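Observations on the three-dimensional arrangement
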Amino acid sequence: MIKVALIGWLSALSVSAVAQQWSVPEPQNFEQGHVCLEGVEQPISVEFADSMAQQARGLMQRTELGEYSGMLFRYPNQRPGGSGFWMYQTLIPLDIAYLAKDGSIVKTFTMMPCGSDDPRQCRSYAPGEPYYNVLELNAGFLAKHDIRMGDRVHINPQLNENEQCQNN
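What comes next concerns the included structure. (Residues numbered from 1 in each chain as written. Predicted model: local features only at pLDDT ≥ 70, side-chain atom pairs only at ≥ 80, totals over all residues. Heavy atoms only, no water.)

This part takes up the pattern of salt bridges. One pass over the full model with this rule turns up 6 salt bridges. A salt bridge links glutamate 67 to lysine 144; its shortest N-O distance comes to 3.2 Å. One end of the pair, glutamate 67, is in the loop between helix H2 (52–57) and strand S3 (69–79); the other, lysine 144, is in helix H3 (residues 141–144), and 77 residues separate them in sequence. When its relative accessible area of 58% is taken as the criterion, lysine 144 is described as exposed. (Salt bridge = Lys/Arg side-chain N within 4 Å of Asp/Glu carboxyl O. Helix = DSSP H or I, 4+ residues; strand = E, 2+ residues; numbered from the N terminus. Buried < 20%, exposed > 50% of the residue type's maximum accessible area, 1.4 Å probe, protein only.)

Quick look at the structure:
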């Protein structure tokens, strides 16, 4: 009995130590591009989060995001549905769209800033479905443009300067 209690206490201590040691990743430079959402003519300017460091940093500590701006997290392999995103040190509310390999939206959430200095207190938003990419936009964007599950996101479409997205 004492051994079980000791193991439980040590496990809790190690999780606590990891959470307390976790710090906000350094700012990153991001490649820029565009995505087009079905039914939205205006291209969305995105920053591509491709490396682990870029993905860890994401939109943390940003105070604003342009109306037609966002971040696209691109992964080389399918991610499990239990792997989610959190809002630790993210200051602005965001919409998130998890994307299948073909760009179709498999799940969306509107995520609010966490507000806690303890990352363990921040909710994780997991889609429950496998995904390949994730698009983050200002909160309310998806509802405003009637974007739903099954709609598609086209990454790096061939657009000339000032050209609109094709309404697919």
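On to the nonpolar core. Membership of the largest hydrophobic core comes to 18 residues, with the highest contact counts inside it found for Phe73, Phe85, Leu94, Ile96, Tyr98, Met111 and Val134. Looking at this core, the elements with two or more residues in it are S3, strand S5 (94–99), strand S6 (105–111) and strand S8 (131–138). Ignoring sequence-local partners within four residues, the contact set of phenylalanine 73 consists of Ala49, Gln55, Gly58, Phe85, Tyr132, Asn133, Val134 and Glu136. Listed in part, the 16 residues of the second largest apolar core include Val35, Val46, Phe48 and Ala97. (Core = buried A, V, L, I, M, F, W, Y, C linked by side-chain atoms within 4.5 Å. Contact = heavy atoms within 4.5 Å.)

Burial runs high along strand S2 (residues 44–49): 5 of the 6 residues are buried. Note: strand S1 (residues 31–37) against S2, 5 bridges, orientation antiparallel. Along S2, the bridge assignment pairs glycine 33 with valine 46. Connecting S1 to the antiparallel partner S2 that follows it, the hairpin turn spans 6 residues, and glycine 39 within it adopts a positive phi of roughly 85°. Two elements, S2 and S3, share 5 bridges in a ladder whose sense is parallel. Bridging from a neighbouring strand, glutamate 47 pairs with methionine 71 of S3. (Pairing = 2+ DSSP bridges.)

The strand order S6-S5-S8-S3-S2-S1-S9 describes an open sheet built from 7 strands, whose pairing is mixed. Of all strands in the sheet, those bounded by a partner on one side alone are S6 and strand S9 (153–155). Across the sheet, the mean angle from the axis of one strand to that of its neighbour is 30°, orientation sign disregarded. The pairing of S3 with S8 spans 6 bridges and is antiparallel. The residue bridging phenylalanine 73 from the neighbouring strand is valine 134, located in S8. (Axes fitted to C-alpha atoms, helices over the stretch in contact; angles between N-to-C directions.)

With that out of the way, let us pick up the state of the cysteines. Per the stated rule, a full pass over the model turns up 2 disulfides. Across the disulfide, cysteine 36 is cross-linked to cysteine 165 (sulfur-sulfur distance 2.0 Å). With the S-S dihedral at roughly -75°, the linkage between cysteine 36 and cysteine 165 falls on the left-handed side. In this pair, cysteine 36 is assigned in strand S1 and cysteine 165 in the segment after S9, connecting sequence segments 129 residues apart. The class of cysteine 165 is buried, set by a relative accessible area of 5%. Covalently, cysteine 114 is tied to cysteine 122 through a disulfide, its sulfur atoms 2.2 Å apart. Torsion about the S-S bond of the cysteine 114 and cysteine 122 cystine: about -90°, corresponding to left-handed handedness. (Disulfide = S-S within 2.5 Å.)

Just distances and angles here, no functional claims.
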